[in-house]
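Examination of the molecular architecture
Each chain is listed here by its residues.
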Amino acid sequence: MVCVHAGTYAESWLEVPTGVTLLSADGPLAAAIFSGDMSAVRFDGVSNAALDGFEVYGTWDAGDPGNGLIRVVDSENITIRNTMAHDAPYDMDVVKVSGQVSGLLIEGLVAWNPAHRSGGMFQEVIDIFGSGATAGDPPPVSIVIVLGCWLFHTDGIGDWLIYSKIYAENILYENNVFGPSAGAGWSNAAVGIGTGEAGIPDAAAAVVTHAIVRNNLFVGLRGDAALAVMNAEDTWVYNNTFFANTGGELRAVIMTRGNSHAVGDTRVFNNIFQANHPSKSAAGALFWIRDALPSPWYHDHNLYFDNLAASDTPYTGEAAGVYDLDPGLFAPAVPDASSPNLQRIAEIRATFAISAASPAVDVGLDAMGIVGHPNWCPGNTDRRWDADQDPRPAVDTWDLGVDEVQ
Ligand SMILES: [Ca+2]
Ligand SMILES: [Ca+2]
Ligand SMILES: [Ca+2]
């Protein structure tokens, strides 16, 4: 353990060694690391190391091309927690993960402002890239949990918020707030399981397998879609709330794309969709199926209220879906990102709570009770809880969306 007292430290290329936790000793965000035009914190070839409680920032878009304000490469059992990271120097993601990485927990991270990439578009807030595999290798990136984070863009800065791509497995996005984002509607999705890039080393292989996307808020997002499932196998999308993903800079709420690998098993259930009216393309779409329909493709037990009617594949007709009833979200709005801090995550989440009178109450499935639910990290992947860590029952009476009423 290395304890750092309050203050702002001008440091760059800070390598965290194996077995070391770098801790802000006077509490979360009391200590700050300012890296100027360089990478700030590196986990490179290490294990059992952590960064806890720092504000980490650089000079946005400055300097020579780099690869990550916070960088995780060829490492295992790494934790980044209670951290606020923003304003990446030129060509850098805010958090860049690549090489062989097994066991990464990113928890309670508030992050924004990736830099431009060379060519004019933007890097990502979090980039998870299973890189470097050769024929016969297992996926180089495995077991990544992104938990209770808030990722957004400001001032038109950004494209993707987060993606997992190329050759990765066992990915969990849980209890996060995604949005607002700044994609311009000609651009990529905000949140990706997979990308449109082909796999490496096998271009035709699935690029992401066994992903879970649950208890997340998708709000105020732009680009091709709020959430994209691309060239992936076994993706579970449940108990998310999609609100106000709308307007002329968004094409779809959920997009699937199988341009290099036909999208496999995809489940969409227990979600709330409210006030989503993407209109960038001729009609926009609730579900945009860019290639073949995922197989199998399952959606049911979702609530739809005040959304656009257009959808590449119908969202009507769910046997246990809830249609045209107001879920009664407490005070939903696109989050104000003008003064971000760690406490804002819970505050935003509270505005998407429901009450006992909501038609979303008790009409969802017990996700853990469904045969085939991924459980690659017991204790994490099989949690029955909502976004504010209230328990969900072990029977088919889960509430829809991020909140379970107690
Ligand atoms: Ca990137
Ligand atoms: Ca319930
Ligand atoms: Ca709750």
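Shown above is the structure to which this text applies.
Residues numbered from 1 in each chain as written. Chains lettered and ligands numbered in written order. Predicted model: local features only at pLDDT ≥ 70, side-chain atom pairs only at ≥ 80, totals over all residues.

Moving on to the overall build of the protein chain. Along its length, the protein chain carries one helix and 31 strands. Over its C-alpha trace the protein chain gives a radius of gyration of 20 Å, about what one expects of a compact globule, namely 22 Å for 406 residues. Its C-alpha atoms give the protein chain principal-axis dimensions of about 55 × 45 × 40 Å. Sorting the 406 residues of the protein chain into buried and exposed places 56% on the buried side. A sequence separation of at least 24 residues applies to 78% of the contacts in the protein chain between residues at least 6 apart. (Helix = DSSP H or I, 4+ residues; strand = E, 2+ residues; numbered from the N terminus. Rg over C-alpha atoms; globule rule 2.2 N^0.38 Å. Buried ≥ 20, exposed ≤ 12 C-beta atoms within 10 Å, placed from the backbone. Contact = placed C-beta atoms within 7 Å.)

We now examine the sheet that holds strand β16 (residues 162–165). In spatial order, the strands read β3-β6-β9-β11-β13-β16-β19-β22-β25-β28; together these ten strands make up an open sheet with parallel pairing. Edge strands, defined here as strands with exactly one partner in the open sheet, are β3 (14–15) and β28 (285–289). Where strand β9 (residues 70–73) lies against strand β11 (residues 95–98), four bridges are found, and the strand directions are parallel. Residue pairing across strands places R71 opposite K96, the latter belonging to β11. (Pairing = 2+ DSSP bridges.)

Let's shift gears to the environment of D91. For D91, the location among the structural elements is in the loop between β10 (76–86) and β11. Its 20 C-beta neighbours within 10 Å are what place D91 among the buried residues. Separated by 23 residues in sequence, D91 and P114 have C-alpha atoms that sit 8.0 Å apart. Aside from chain neighbours lying at most four places away, what touches D91 is P65, G66, A115, H116, R117, S118 and Q123.

Look at the link from G179 to P180: it is a cis peptide, with omega at 0°. Mapping P180 onto the fold places it in the loop between β18 (177–178) and β19 (191–193). Omega for the bond connecting S295 with P296 falls within 30 degrees of zero, at -5°, which places this linkage in the cis form. Looking at the element boundaries, P296 is found in the loop between β28 and β29 (297–300). Here D74, not a glycine, exhibits a phi torsion of approximately 50°, which is positive. In this structure, D74 sits in the loop between β9 and β10. Here N215, not a glycine, exhibits a phi torsion of approximately 60°, which is positive. Inspection of the secondary structure puts N215 in the loop between β20 (208–214) and β21 (217–219).

Counting buried residues in β20 gives seven out of seven residues, a clear majority hidden from the surface. Where strand β17 (residues 168–174) and β20 come together, six bridges link them in parallel fashion. From the neighbouring strand, Y173 faces β20, where its bridge partner is V213. Note: β20 against strand β23 (residues 232–238), six bridges, orientation parallel. Counted as the bridge partner of I212 is W236 from β23.

Checked against the element boundaries, I272 lands in strand β27 (residues 272–274). Judged by local crowding, I272 falls into the buried class, with 28 C-beta atoms found within 10 Å. Here I272 is in contact with T241, F242, L303, P327, A360, L400 and G401, once residues within four sequence places are set aside.

A85, A111, L151, A225, A226 and L227 are the most contacted members of the largest nonpolar core, which totals 121 residues. Broken down by element, this core gets its largest block of residues, seven residues, from strand β12 (residues 101–112). Excluding residues within four positions of it along the chain, A111 makes contact with A85, H86, V94, V95, V125, I126, C149 and L151. (Core = buried A, V, L, I, M, F, W, Y, C linked by C-beta atoms within 7 Å.)

What follows covers the environment of R222. Along the polypeptide, R222 turns up in the loop between β21 and β22 (223–230). Take R222: there are 31 C-beta atoms within 10 Å of it, and that puts it in the buried class. For the pair formed by R222 and S181, sequence separation is 41 residues and the distance between their alpha carbons is 5.8 Å.

Let us look at the pairing of strand β5 (residues 31–34). Only one face of β5 is buried: it carries A31 and I33, and the other face, with A32 and F34, is open. Sheet topology places strand β2 (residues 7–10) next to β5; four bridges connect them, and they run parallel. When the sheet's bridge partners are listed, G7 is paired in β5 with A31.

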